[in-house]
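Report on the structure
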Amino acid sequence: MGGSIFADLPLNILGCFIMGIMTTLSSDWPAVPWLKSTHPIQGMTHVHVSLKTGLCGSLTTFASWNSQMVVMMNGSGTELGSQVVPALFGYMIGLHCGVGSFVFGTKVSSWLNRWKNPSLVRFDDGGGNVGRSGNRRRHYRRDSGGNYGRRSRRYHLRHGSHGRSSPTRKRKKKEEADCSFSEHVAKKESLLKEASSTKDIDNTVKSNVMNGNNDNSIANTSTIVNDNNGLQRTKYIIEEQAHQLSKIFYLENLPFLIVAGLFLFYILSDTLSNIAFYRFMWLSSLLTPPGAILRWKLSKLNGTIFQHSRKWKWVPYGTLMANVLGSLVSISCVATYQHVVVNGSGSYSKDGWLAVFLKAMQVGFAGSLSTVSTFVKEIVDISKKYPSHAKSCYYGIGTIVCCCLLGLSIYSPIVRSSAGSV
């Protein structure tokens, strides 16, 4: 074990990138940027939470990252000895890669929203403001000498000094009016075609549709169908809704079915072949949900501790406790494995139940309890909320220093004592 590029770095980068994609820049934008705003998944809050808390939180791990850096700093049981400087660079690389991946993910989310929902999104207006298409305004002013700026001069030449509309603007308005009129005519023709196919249509309503501009006549005409067409339409709507519900049902239960199938496969493979890998996989799968649920419960403490303290209420204590607790569990499992299995008397093999359980506890429970994606997201959010303060640095570096010192205080005494006895 050595080097600043630790084993969990690719997974942390991937998890932070997915978290960035799921983090929209405006509350008006859809939660899932690669789908239309009218897609049924946009209203499924539990799916959004499962992707962020479940997938990204469990895919990234702060505990294993910290444990590897602590083992490198200590140097016991490693081929290269103590590596303090590479471990410090490992912390820096892991933090910078996570933040960069998250920020890039937010940019990709904006691009996806612009592609799938162009009517909802209006991008940067020069001042960094984003939102709906109606929120974008530009102000043109003169400077102290009475001269126009570059944008104002363009605006002045196009619209004139008295704010008169240019020919281009008038032509655009005329085209929009013609387009809306043609759409209105097409709507009336489609409704008349539908109404003419029925036998019991009212002639007075038909004449209103032909000659009048009242929208109520159009709405009334659209509801005039005979009983057979009404039954067929109702049947079609019921079948379409049932099809959508079946798709949603399969989509919601597909991950559970996949995980359950893999879990049974690993148990059967372990029972039949007695291979340590399958035992490690099903034990890790069994210990992962408790860690993820505990992290989700702890995240609810964010913003609830020290609410009346202006100095400390900004700290996300729930995520901090999850990462510290996960780091303690992970380094305890690593130290116990090193003390009992590696430096022990040989009574415990590396493929035995105890060794496999310690590894599964480290990867499954501690790995899903700690998170890098939420940790990085909170660093970026704090930096945006307090742009002129170093609170985001305090939180990010403070968490790393705290977990590193606690890990060294647990790992070093246990491993060095066992190494000395050997």
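Structure: above.
Please read all numbers here as calculations on a predicted model, not as lab measurements.

One way to put it is that helix α4 (residues 84–116) packs onto helix α13 (residues 373–385) with a least axis distance of 9 Å and a crossing angle of 75 degrees. With respect to their mutual orientation, α4 and α13 come out roughly perpendicular. Residue-level inspection shows Leu95, Gly98, Val99, Phe102 and Val103 of α4 in contact with α13, the latter providing Phe375, Val376, Lys377, Ile379 and Val380. Taken together, the residues of the contact of α4 with α13 sort by class into 8 nonpolar, 1 polar and 1 charged.

As a further point, take the environment of Gly57. Its place among the elements puts Gly57 in helix α2 (residues 45–59). Gly57 sits in the buried class, given a relative accessible area of 0%. In contact with Gly57, not counting residues within four places along its chain, are Lys52, Arg295, Gly367, Ser368, Ser370, Thr371 and Ser373.

A word on the pattern of salt bridges. Tallied over the entire structure, the rule returns 2 salt bridges. Between Arg279 and Asp270 there is a salt bridge, and its shortest N-O distance comes to 3.3 Å. Across the pair Lys377 and Asp381 runs a salt bridge, and its minimum N-O distance is 3.0 Å. You can see Lys377 and its partner Asp381 sitting in helix α13, 4 residues apart, about one turn around the helix. Overall, the relative accessible area of 31% leaves Asp381 in the partly exposed class.

Glancing now at unusual backbone geometry. In this structure, Asn274 is a non-glycine residue whose phi angle is positive, near 55 degrees. You can see Asn274 is positioned in the loop between α9 (227–273) and α10 (276–299).

The rules behind these values
Residues numbered from 1 in each chain as written. Predicted model: local features only at pLDDT ≥ 70, side-chain atom pairs only at ≥ 80, totals over all residues. Heavy atoms only, no water. Axes fitted to C-alpha atoms, helices over the stretch in contact; angles between N-to-C directions. Helix = DSSP H or I, 4+ residues; strand = E, 2+ residues; numbered from the N terminus. Parallel < 35°, antiparallel > 145°, perpendicular 65-115°, else oblique. Contact = heavy atoms within 4.5 Å. Nonpolar A, V, L, I, M, F, W, Y, C, P; charged D, E, K, R; others polar. Buried < 20%, exposed > 50% of the residue type's maximum accessible area, 1.4 Å probe, protein only. Salt bridge = Lys/Arg side-chain N within 4 Å of Asp/Glu carboxyl O.

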